[in-house]
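Summary of structural features
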Amino acid sequence: MVTGQRHVPTLSVIRQALRHVQGDIRWDEPLAPYTSLQVGGPADVLVFPADVEDVIHAVQGARFYHLPLMVLGGTNVVIRDKGVRGIVMHLKQLSKVYEEKTNRVYAQAGVRLPRLMQFSLGWKLSGMEWAAGIPGTVGGGVAMNAGTRLGEMQDVLEAVDFVTIHGRRKRIEASTLSFLYRKTMLPKGIVVGAWMQLRSSAKDTIHAATSQYLQYRKATQPLTLPNAGSVFQNPPGDSAGRLVEAAGLKGVRIGDAEVSVKHANFIVNRGAATAEHILLLVRKVRERVARKFGVRLILEWKVVGER
Ligand SMILES: Cc1cc2nc3c(=O)[nH]c(=O)nc-3n(C[C@H](O)[C@H](O)[C@H](O)COP(=O)(O)OP(=O)(O)OC[C@H]3O[C@@H](n4cnc5c(N)ncnc54)[C@H](O)[C@@H]3O)c2cc1C
């Protein structure tokens, strides 16, 4: 959540707050189709800013009228069934990516990481191989410090193109930020783009590293069913998947939510799961693992929306 809710927003107030926004605006829009888990209720309003100016207008409007506003990339979140009050912003129109100068790539926040990886491959730039198979956006990748054992956003990020909660655009140098496991310590606001420092390399070498990793993912993760990536963070010195599997939870279901039989740190939607089913299953897994191993698993997903 970029700005916090101080009162229940009315549609007329939201309309007023968004009056300068040029991009597409959809009212009472179901959010499930915009998430990789395919669950969740509607947003009061879903905004697709046409450009960074639009993001600034929406942020300023939300701030002026004390409206909640959040950005949705959709691949690491669970939207609750009652949906989200206030403004949800989807940055798919911020989709430019280019080589700004030798080895330095600028990507807008709505670019999906696999596209950025393909772009880098095309320009024979190495450094983004870790992003192969991470379906999130550049904005979400920066906010989450997305990564794999091949590397993470922190390794290549030079600076963040950012809109503050006051609606001011600024460049934040990566050297001034702290990076944690799956979290970048950013001020409150919206990532609208990122500069990444890559290095030139042979296309074959980059291609070999990424395709090997994609094959590994395909073999070990339930990619054919809706999911939101790893459910829990790995506890220090252990793996969440190992603990969940050892607790006998593989294949356990609540409604259509299932602990994947392929990888125990994934929960999949077998068709008609609701957010409630999924969150009940999360609770069950946590309780069982805590009881059996004394380990309190920490959720990697973000859970948002009205309770
Ligand atoms: C099959 C699958 C495999 C995955 N594998 C990996 C993996 O290997 N490694 C990994 O790290 N992740 C993985 N993920 C999770 C996910 O893709 C990443 O966490 C990604 O970085 C989330 O990006 P998103 O754009 O979908 O953001 P969301 O999931 O929508 O949001 C995540 C958080 O970032 C914030 N956020 C999003 N965009 C912005 C923005 N522009 N400005 C400010 N804040 C923003 C949101 O508000 C939220 O708090 C996987 C997911 C799936 C479905």
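Residues numbered from 1 in each chain as written. Predicted model: local features only at pLDDT ≥ 70, side-chain atom pairs only at ≥ 80, totals over all residues.

What follows covers the nonpolar core. The biggest cluster of nonpolar side chains holds 86 residues, and the ones touching the most others in it are Ala58, Ile87 and Ile278. Examining the composition of this core, we find that seven residues originate from one element, helix α8 (residues 275-293), more than from any other. Excluding anything up to four places from it in sequence, isoleucine 87 contacts Ile14, Val45, Val47, Ala58, Ala62, Leu67, Pro68 and Leu69. (Core = buried A, V, L, I, M, F, W, Y, C linked by C-beta atoms within 7 Å. Buried ≥ 20, exposed ≤ 12 C-beta atoms within 10 Å, placed from the backbone. Helix = DSSP H or I, 4+ residues; strand = E, 2+ residues; numbered from the N terminus. Contact = placed C-beta atoms within 7 Å.)

The next subject is the sheet that holds strand β1 (residues 24-30). The four strands are arranged β1-β2-β5-β3 in an open sheet whose pairing can be described as mixed. Each having just a single partner strand, β1 and β3 (69-71) make up the two edges of the open sheet. Strand after strand, the sheet turns through a mean of 30° between neighbouring axes, direction not considered. As judged from the four bridges shared by strand β2 (residues 42-48) and strand β5 (residues 84-89), these two strands associate in the parallel manner. Pairing of leucine 46 across the sheet is with valine 88, part of β5. (Pairing = 2+ DSSP bridges. Axes fitted to C-alpha atoms, helices over the stretch in contact; angles between N-to-C directions.)

Neighbouring the ligand are 31 residues, the closest being Gly73, Gly136, Gly139, Gly140 and Gly229. Looking at the shell around the ligand, the elements with two or more residues in it are β3, α4 (138-144), β9 (147-148) and β15 (189-197). Considered class by class, the residues forming the shell around the ligand number 15 nonpolar, 14 polar and two charged. (Near = placed C-beta within 6 Å. Nonpolar A, V, L, I, M, F, W, Y, C, P; charged D, E, K, R; others polar.)

For the rest of this paragraph, the subject is the domain arrangement of the protein chain. Note on interface size: it is often stated as the accessible area lost on association of the parts. Parsing the protein chain into structural domains produces domain 1 (11-89), domain 2 (97-206) and domain 3 (222-304). If you look at the interface, domain 1 gives 14 residues, while domain 3 gives 15 residues. If you tally residues by element for the side of domain 1 that touches domain 3, the top one is strand β4 (residues 77-79), at three residues. Grouping the constituent residues of the side of domain 1 that touches domain 3 by class yields seven nonpolar, five polar and two charged. (Domains from an automatic or database assignment.)

A few words now on unusual backbone geometry. Unusually for a residue other than glycine, aspartate 28 sits at a positive phi of about 50°. Assignment of secondary structure puts aspartate 28 in strand β1. Positive phi, normally seen in glycine, also occurs at asparagine 145, with a value near 45°. Along the polypeptide, asparagine 145 turns up in the loop between α4 and β9.

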